[in-house]
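Here is how the chains run, residue by residue.
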Amino acid sequence: MGRLFGTDGVRGIANSELTAELAYKLGQAGAYVLTAETKHTPKILVGMDTRISGDMLEASLVAGLCSVGAEVVCLGIVPTPAVAYLTRHYNADAGVVISASHNPYEFNGIKFFNNKGYKLSDALEERIEAIILDNSEKIELPTGEKIGRKIEIDSSLDEYINFIKSTISGDLKGLKVAIDCANGASYQAAPITFFELGADVCVINNEPDGININKNCGSTHIEQLQKFVVESGADVGLAFDGDADRVLAVDENGNLVDGDQIMAIIGLELKKQGKLANNTIVATVMSNLGFDIMAKREGINIVKTKVGDRYVLENMLENGHILGGEQSGHIIFLEHNTTGDGILTGTHLLSVMKSSGKKLSELASIMQVLPQVLMNARVSNQNKEKYLEDEVICKMCNELEEEFKDEGRVLIRPSGTEPLVRVMIEGKDKDYIAKRAIELVKVIEERLG
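Going by what an unreviewed UniProt entry lists, the protein is known as Phosphoglucosamine mutase and is assigned to Acetivibrio straminisolvens JCM 21531. According to UniProt, the comment filed for the protein under the heading Sequence similarities (unreviewed entry) is "Belongs to the phosphohexose mutase family." Comment text from UniProt for the protein, heading Function (unreviewed entry), reads "Catalyzes the conversion of glucosamine-6-phosphate to glucosamine-1-phosphate."

Attention now goes to the domain arrangement of the protein. Parsing the protein into structural domains produces domain 1 (10-155), domain 2 (163-365) and domain 3 (372-448). The C-alpha centroid of domain 2 is placed 28 Å from the C-alpha centroid of domain 1. Listed as interface residues are 27 residues of domain 1 and, on the opposing side, 32 residues of domain 2. Of the roughly 2100 Å² buried at the junction of domain 1 and domain 2 (both faces included), carbon and sulfur atoms supply 56%. In this structure, the connection of domain 1 to domain 2 is made through five salt bridges. In this structure, the salt-bridge partner of Glu125 is Arg310, at a minimum N-O distance of 3.6 Å. Inspection of the domain 1/domain 2 interface yields 18 residue pairs in polar contact (both at pLDDT 80 or more).

As a further point, take unusual backbone geometry. For Asn278, which is not a glycine, the phi torsion comes out positive at approximately 60 degrees. Along the chain, Asn278 turns up in the loop between α8 (259-272) and β13 (280-284). By relative accessible area, Asn278 is classed as partly exposed at 43%. The backbone of Asn279 sits at a positive phi, close to 55 degrees, despite the residue not being glycine. Take Asn279: it is sitting in the loop between α8 and β13.

The rules behind each value
- Residues numbered from 1 in each chain as written.
- Predicted model: local features only at pLDDT ≥ 70, side-chain atom pairs only at ≥ 80, totals over all residues.
- Heavy atoms only, no water.
- UniProt positions renumbered as here; feature names shortened; annotations may be inferred.
- Domains from an automatic or database assignment.
- Contact = heavy atoms within 4.5 Å.
- Buried area = accessible area lost by both parts, 1.4 Å probe.
- Salt bridge = Lys/Arg side-chain N within 4 Å of Asp/Glu carboxyl O.
- Polar contact = N/O pair within 3.5 Å; in protein donor to acceptor, adjacent residues only side chain to side chain.
- Helix = DSSP H or I, 4+ residues; strand = E, 2+ residues; numbered from the N terminus.
- Buried < 20%, exposed > 50% of the residue type's maximum accessible area, 1.4 Å probe, protein only.

Pasting the structure below:
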């Protein structure tokens, strides 16, 4: 965790923590750091989700980027992974996304991609922070004809959709797909992609108004889609988060199919085709024990990282793996894109359904999901990293670990974006582990609140 940057960019309540002034400074410092070596006028792409604060932050960010001489290409409302792809496609020097992903509408965020479409290293983020907070480097501001300008293009969404369609062979004819767009960045891209691939598409939550993004919908509130899938008689449902870098699925019976199960289904298909590099899937410590059991039975290696897609991606790049992700549905296909991509993931899941002729419930049954309880302990922001130093919390965690040994596990970790400590307990009896999780949350809140 940096001084400004969290696990996924700079994030906070718009106009309070993430101000127009900070967006301007991030534009200046980010453009300076990412284009310092270029000998040409730098080209930087900017995309955003549907939050009401997006216009304000875009205006400030673009002003900062132009003030250091960059040509800014405004993409409008597009999924986060579209910015990562288009940065490479347009040979841009960097990409910037204005989004707070799955967070409520009052939050917003700014994250950068380098010219290869990857999120920034800790070292680059720290350099940007030092320029803003410490004036560690002086940015020379151009004048006259060297000041940057803004351009807008209308074709970016079509180019991203065409890219997604090109990653599978064949079409999705014969499948009825229900989509929950979370009133977010996928509201145009997702329905168009699946319609053009030949699926019968029905959509909910695709009317963003600036304040309804993620509100009781999308991948963080799957219940609405579960009901819609059953009522509409769909073969499958796909729920995106606000910036569409993740997706969760729902089978034809209305049951959740999470990121672990999606990776299991697609990983096994890639293995069957001889395309699963190193016979390995990269997951995080949050992945369900059932995922490990499935992998052992099917002869697949599972590598575990810390929670956060950046750590999954780091491991994939270091070791040449092509499939990795999180239980939350943030899944990376390195063969195709450089970050989690919900629409890409959904397309490949549907492609497996089409080619196998199997229902999603049958495909998902390859992995048994052990009961898992996730709860949040609300703590003060300055204390959320101190849980490891507290003797009472550590003692309780050790006792729980011993109690659930071989048949479950306990994991606590600070949120990267909110003043929370997340508690996860896994075991065979859901009611009992929920009771124990409530006890642990209460202790954490008492000690760190």
